[in-house]
Structure formats: structure tokens, C-alpha cells
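Chain residues, written in single-letter form:
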Amino acid sequence: MGSESGRVKRGEQSRISQWLRRRPKPDPEDPALVREALVLAVAAAGLPIAPAAHPAGYRCSCDRIGCPTPARHPLSFAWQTQSTTDRTQIERWTRSQPQANFITATGMVHDVLDVPFEAGASALARLLAAGVEVGPVAESGGTGDQARMLFFTATRGTPEDEDEWWPCELDCHPETMDEHPGLRWHCRGSYVLVPPAALPGDLAVSWVRGMEHPLPDPLTLLETLTDACAEYAGASHDTPATVAWPLGR
């Protein structure tokens, strides 16, 4: 009896081993796995993140009728305290909310210089040609002034010796994009979407340069970005460039 029991157990183990060998392995190109890896890379770099709304057709996944910022806002009003770099929590979010976008709260570890796409592309080419250390850069899809380029930088915090820093909500929210086509400086109290993020109309937020690049001081990029925004505003709008900075303070 004992020998038969041993043969049965060995037979079961053999079948289990064969099944495990035949079982499909996770596809490294699985969109869900790629999305989770990209989101975790943001958190691993120290940037706190929180879940955001996602597209529902051409509308927003939130319950707000006529949402002015579809798929561009956090899910919770407590996003500033909810934002985290904790891997376990982020994995829980990505797996329980497979369609959710994610925002990163700026002003704690990093700031974001947010410019029109054409101005950003021109400035990026100049900065790289000049050998300037440019950090992560993302592009946000859209048409006209809605297409943006996001330059991720280290945060400036609240420098005590700089009198020009003041609280400013101007242009802090996506619904004001068309009104102020210039540069926006996202710092404490503000946020941006992080790639990969889906937007209504089959648009997206994606990396141009990923999180493997260290965060630079924003002042090393500011002059070139401001000049590019001035050129863009003059060519496209025949109006002076606007600079909303810093946002959310």
C-alpha cells in the first residue's frame, strides 16, 4: 500500500511539473504588465503617485456631468495625502483599477515645466545640442495648444531668498489650457499625469525621455523653455508669451 501511495504521489507531481512547464508564461509585452512597470518606475524614482480618472469613450470615467478635465484629474480629493511611492500600494491600484490613469503630486520631490508641444520640441532639441542635462520628458497628446510637453525637474521648494515666488492658481488646471498657451510651472499643490495615460479621442500621455534620466534643476532649463514659448506665441498667436509660475503654491 505504501509503495502504491508513493507511486501515485510521484505520478501526480510529475503531471503537475509537466503542466507548469506547458503553462504560458506572462508576456513581457502584455500592456497591463508594461503599464505597471512604467508606473512603478516613476514611484521608484521617488515621485509620489495616485490614481486618476480614465476615458469612457469621449467622456470621463468620473460621475461628474460635463467633466471639464476628462481623464486628467485624480480620483480622490485627498490626492495630495494619498500620493505614495509604496510599491505594494501601487501594485494594488494598478491591478484593481486596470484602466486608471495616474497623477504625480508635484512640489515634494519634483516640479514639472509644462509648455506647448511645438515650443517644447524646439527647446528640447536646443538643450540637447548644447549638452544640457535634460531629465525625463513626456508629451501629452492633443491638437493646437492642448498638445503639451512636460519637463520633469527637481523641486525648487520654497527658496527663502527669492521674493518672486508667490501663490498662483493661474493656468493650474487643464480647462485653462486654451486661455494661457505659455509655460506653466507645476510645484506644490499641483499635479500632472504620468505616462502611460490614456486621454479621450485615442490620445495619450507618453514618455519622450524616461525616468532613467536624473531630475535637473529647473533653472537650467527655464531660459530656453521661456524663449521657445515666446517664439511659439509670437508665431502662432501674435500675442506675448504667458508664464504661469509657480503653480499651486
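Bear in mind the structure is a predicted one, so any value in this text is a computation, not a measurement.

## Observations concerning the overall build of the protein
Then step 1. Along its length, the protein carries 6 helices and 12 strands.
Then step 2. Within the protein, buried positions represent 45% of all 249 residues.
Then step 3. Of all intrachain contacts in the protein linking residues separated by at least 6 positions in sequence, the fraction that spans at least 24 positions is 79%.

## Here we look at unusual backbone geometry
Then step 1. A cis amide bond links proline 195 to the next residue, proline 196, at an omega of -5°.
Then step 2. On the secondary structure map, proline 196 appears in the loop between strand E9 (191–194) and strand E10 (197–199).
Then step 3. With a phi close to 65°, alanine 71 is a non-glycine residue in the positive phi region.
Then step 4. Turning to its location among the elements, alanine 71 is positioned in the loop between strand E3 (59–60) and helix H3 (79–82).
Then step 5. Judged by its relative accessible area of 0%, alanine 71 falls in the buried class.

## A look at the sheet that holds strand E1 (residues 49–52)
Remark on secondary structure: sheet strands pair via backbone hydrogen bonds, oriented parallel or antiparallel.
Then step 1. The 3 strands are arranged E1-E4-E9 in an open sheet whose pairing can be described as antiparallel. Looking at strand neighbours, the two that pair on one side only are E1 and E9, the edges of this open sheet. Recorded for the sheet is a direction-independent mean angle of 40° between the axes of neighbouring strands.
Then step 2. With 4 bridges connecting them, strand E4 (residues 101–105) and E9 associate as antiparallel partners.

## A few points about helix H5 (residues 117–129)
Then step 1. Along its 13 residues, H5 runs 18 Å from first to last C-alpha, staying within 8% of the 18 Å computed at 1.5 Å per residue.
Then step 2. Among the residues making up H5, those that are buried are Ala119, Gly120, Ala123, Leu124 and Leu127. Projected down its long axis, H5 shows its buried positions confined to an angular sector of 130°, all on one face. Facing away from the buried side of H5, by more than 90 degrees, are the exposed residues Glu118 and Ala129.
Then step 3. Among the residues trailing H5, glycine 131 stands out with phi positive, at a value near 80°.

## Notes on the packing of helix H2 (residues 31–44) against helix H4 (residues 87–96)
Then step 1. Following both chains from N to C, one finds H2 and H4 inclined at 150°, their axes separated by 10 Å at the closest point. When the axes of H2 and H4 are compared, the pair comes out roughly antiparallel. Of the two possible hands of crossing, H2 and H4 adopt the one that is right-handed. For the pair formed by H2 and H4, the contact residues are Arg35, Glu36, Val39, Leu40 and Ala43 on the first element and Arg87, Ile90, Glu91, Thr94 and Arg95 on the second.
Then step 2. By residue class, the composition of the contact of H2 with H4 is 4 nonpolar, 1 polar and 5 charged.

## Focus on the confidence of the model for the protein
Then step 1. Residues of the protein with pLDDT of at least 70 account for 71%, and the chain-wide mean is 81.
Then step 2. Long-range and interchain partners of residues 163–178, a stretch whose pLDDT sits below 50, account for 41 contacts in this model, where long-range means more than four residues apart.
Then step 3. Low pLDDT (under 50) marks residues 239–243, which in the prediction has 12 contacts with non-local residues, meaning those over four places away or in another chain.

## A few points about H4
Note that an α-helix has 3.6 residues per turn; residues three or four places apart therefore point the same way.
Then step 1. Taken together, the buried positions of H4 are occupied by Ile90, Glu91, Trp93 and Thr94. Buried positions in H4, seen along its axis, are confined to an arc of 160° and lie on one side of it.
Then step 2. Looking at the packing, one finds that the buried side of H4 touches H2, E1, H3 and E4.

## Digging into the nonpolar core
Then step 1. Formed by 27 residues in total, the largest nonpolar core has its most connected members in Val42, Ile90, Ile103, Phe152 and Leu193.
Then step 2. Counting residues per element, the ones that place at least two in this core are H2, E1, H4, E4, strand E7 (148–154), E9, E10 and strand E11 (203–209).

## Things to note about the pattern of salt bridges
Then step 1. Across all of its chains, the model carries 7 salt bridges by this definition.
Then step 2. Across the pair glutamate 231 and arginine 126 runs a salt bridge whose closest N-O atoms are separated by 2.4 Å. Here glutamate 231, found in helix H6 (residues 219–236), pairs with arginine 126, found in helix H5; they are 105 residues apart in sequence, far enough to count as distant.
Then step 3. For glutamate 231, a relative accessible area of 44% puts it in the partly exposed group.
Then step 4. Its salt-bridge partner being arginine 156, residue aspartate 217 comes within 3.5 Å of it at the nearest N-O pair. Within this pair, whereas aspartate 217 is found in the loop between E11 and H6, its partner arginine 156 is found in the loop between E7 and strand E8 (183–186), the two being separated by 61 residues in sequence.

Each value, and the rule that gives it
Residues numbered from 1 in each chain as written. Predicted model: local features only at pLDDT ≥ 70, side-chain atom pairs only at ≥ 80, totals over all residues. Heavy atoms only, no water. Helix = DSSP H or I, 4+ residues; strand = E, 2+ residues; numbered from the N terminus. Buried < 20%, exposed > 50% of the residue type's maximum accessible area, 1.4 Å probe, protein only. Contact = heavy atoms within 4.5 Å. Pairing = 2+ DSSP bridges. Axes fitted to C-alpha atoms, helices over the stretch in contact; angles between N-to-C directions. Expected span 1.5 Å × (residues − 1). Arc of directions from axis to C-beta. Parallel < 35°, antiparallel > 145°, perpendicular 65-115°, else oblique. Left-handed = near helix turned anticlockwise from the far one by under 90°. Nonpolar A, V, L, I, M, F, W, Y, C, P; charged D, E, K, R; others polar. pLDDT = per-residue confidence, 0-100. Core = buried A, V, L, I, M, F, W, Y, C linked by side-chain atoms within 4.5 Å. Salt bridge = Lys/Arg side-chain N within 4 Å of Asp/Glu carboxyl O.

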